[in-house]
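# Report on the structure
One letter stands for each residue in the lines below.
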Amino acid sequence: MRLLRDVEEWRAFADAQRAAHRRVALVPTMGALHAGHWSLFTTAKERGDVVIATSFVNPRQFDDQADLARYPHTPEVDRAAAETHGVDCLVEPSLVEMWPAYPDPTPTTVSVRALGDVLEGAARPGHFDGVASVVAKLLIVTGPCRVYFGEKDFQQLAVIRQMVHDLSFAVEVVGCAIVRDGDGLALSSRNAQLSDDARRRALVLSRAVARAGEAPTSASELRRVLRTTLASADVEVVYAEVVDPVTFAPSGDGDSGEARALVAAIVDGVRLIDNGPVLLKGDQ
Ligand code: PAF
């Protein structure tokens, strides 16, 4: 596995792969890799792509400096895991190459309006501007055929799809299923910050999403199921919503068909999210 830091070396590596008629896949990460990331690497590898993974804790997507400071950082373990799970080139770009102006604002920002302003975007102002801007830069430097993201960050995936569509990036966006622990907890780099007791209470997020997914019913009934389930544990609910999976418009009681249930809660100071498919049965 190649380990690169320099943007021009990284660009040259990707250029050389394309020149040799190999397909390049990009897996963007913020490090602190877990089995959810490994599944993205192995899926990309199984499709025969040359896998370039990036590990960069992007400060522009954190609205809270304390959250950024707390974000787990495990570079040595990550390098070994990336190599084991099929990454051909791991890029750990420096902050100064990614955002030379930082901590001053970077003049250029990619903003995905509407989709990027609700739920996570409303709770974390500027978050999706930071995500879209960094992913745009990672795509421009790498020039991959495919880019892989986990569905745990379902709204992020929708924002990226919209950006790729609107700006005509020549890349296929691949969303991969959420990887869960045996007890249902969605894998997240932030889980490492949970005490045993907080982790036990955090299970209410996956339980809420699973209950909402059990049987088709109205949007308001699904919201009720999400909220009452979340209220059964000592967590601070940020949102519990049912939305259109593409536009993120809130689902109404007249709607039927596929929708997405999304929840966010703070458990002892750790912000967790989860989501899953639900079926709406509209008013007859
Ligand atoms: O999902 C993440 O880890 C990050 O938001 C991403 C896509 C790597 C951008 O920094």
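Report on the accompanying structure. (Residues numbered from 1 in each chain as written. Predicted model: local features only at pLDDT ≥ 70, side-chain atom pairs only at ≥ 80, totals over all residues. Heavy atoms only, no water.)

### A short note on the overall build of the protein
Within the protein, the regular secondary structure consists of ten helices and nine strands. Relative to the 2.2 N^0.38 estimate, which gives 19 Å for 284 residues, the radius of gyration of the protein is 19 Å and therefore close to what a compact globule would have. Seen along its three principal axes, the alpha-carbon backbone of the protein occupies a region of about 55 × 40 × 40 Å. Per-residue burial over the protein gives 52% buried out of 284 residues. Pairs at least 24 apart in sequence give 72% of the contacts found in the protein among residues at least 6 apart. Only carbon and sulfur atoms are counted for the fraction: they give 53% of the accessible area of the protein, which is about 12700 Å². In the protein, 30 positive and 39 negative side-chain charges are present, and the distance between their average locations comes to 2 Å. (Helix = DSSP H or I, 4+ residues; strand = E, 2+ residues; numbered from the N terminus. Rg over C-alpha atoms; globule rule 2.2 N^0.38 Å. Buried < 20%, exposed > 50% of the residue type's maximum accessible area, 1.4 Å probe, protein only. Contact = heavy atoms within 4.5 Å. Areas by Shrake-Rupley, 256 points an atom, 1.4 Å probe, with all protein chains shown as cover. Lys, Arg positive; Asp, Glu negative; His and termini not counted. Charge placed at Lys NZ, Arg CZ, Asp CG, Glu CD.)

### Details of the pattern of salt bridges
Tallying each qualifying case throughout the model produces 26 salt bridges. Of the charged contacts, one joins Arg180 and Asp274 as a salt bridge, the two residues approaching to 2.9 Å between their closest N and O atoms. With Arg180 in the loop between strand 6 (172-176) and helix 9 (196-212) and Asp274 in strand 9 (residues 270-280), this pair connects stretches of sequence that are 94 residues apart. Exposure remark for Arg180: the relative accessible area of 32% places this residue in the partly exposed category. For Arg201, the salt bridge goes to Asp197, with nearest N and O atoms at 2.9 Å. A residue pair is termed a helical-turn pair when its members lie 3 or 4 positions apart in one helix, as Arg201 and Asp197 do in helix 9 at four residues. A relative accessible area of 12% places Arg201 in the buried class. For Asp197, a relative accessible area of 36% gives the class partly exposed. Sharing partners across several salt bridges, the network here consists of Asp63, Asp67, Arg70, Glu120, Arg124, Arg190 and Arg271. (Salt bridge = Lys/Arg side-chain N within 4 Å of Asp/Glu carboxyl O.)

### Quick notes on the site of the ligand
In the neighbourhood of the ligand, the contacting residues comprise Pro28, Thr29, Met30, Asn58, Gln61, Val134, Phe149 and Gln156. Between the ligand and Gln61, the relevant distance is 2.6 Å, taken from an oxygen atom to a side-chain nitrogen or oxygen of the residue. In this structure, an oxygen atom belonging to the ligand sits 2.7 Å away from a side-chain N or O atom of Gln156. Relative to its unbound accessible area of 290 Å², the ligand is 89% covered by the protein chains. Residue composition of the shell around the ligand, grouped by class: four nonpolar, four polar and no charged. (Near = heavy atom within 4 Å. Polar contact = N/O pair within 3.5 Å; in protein donor to acceptor, adjacent residues only side chain to side chain. Nonpolar A, V, L, I, M, F, W, Y, C, P; charged D, E, K, R; others polar.)

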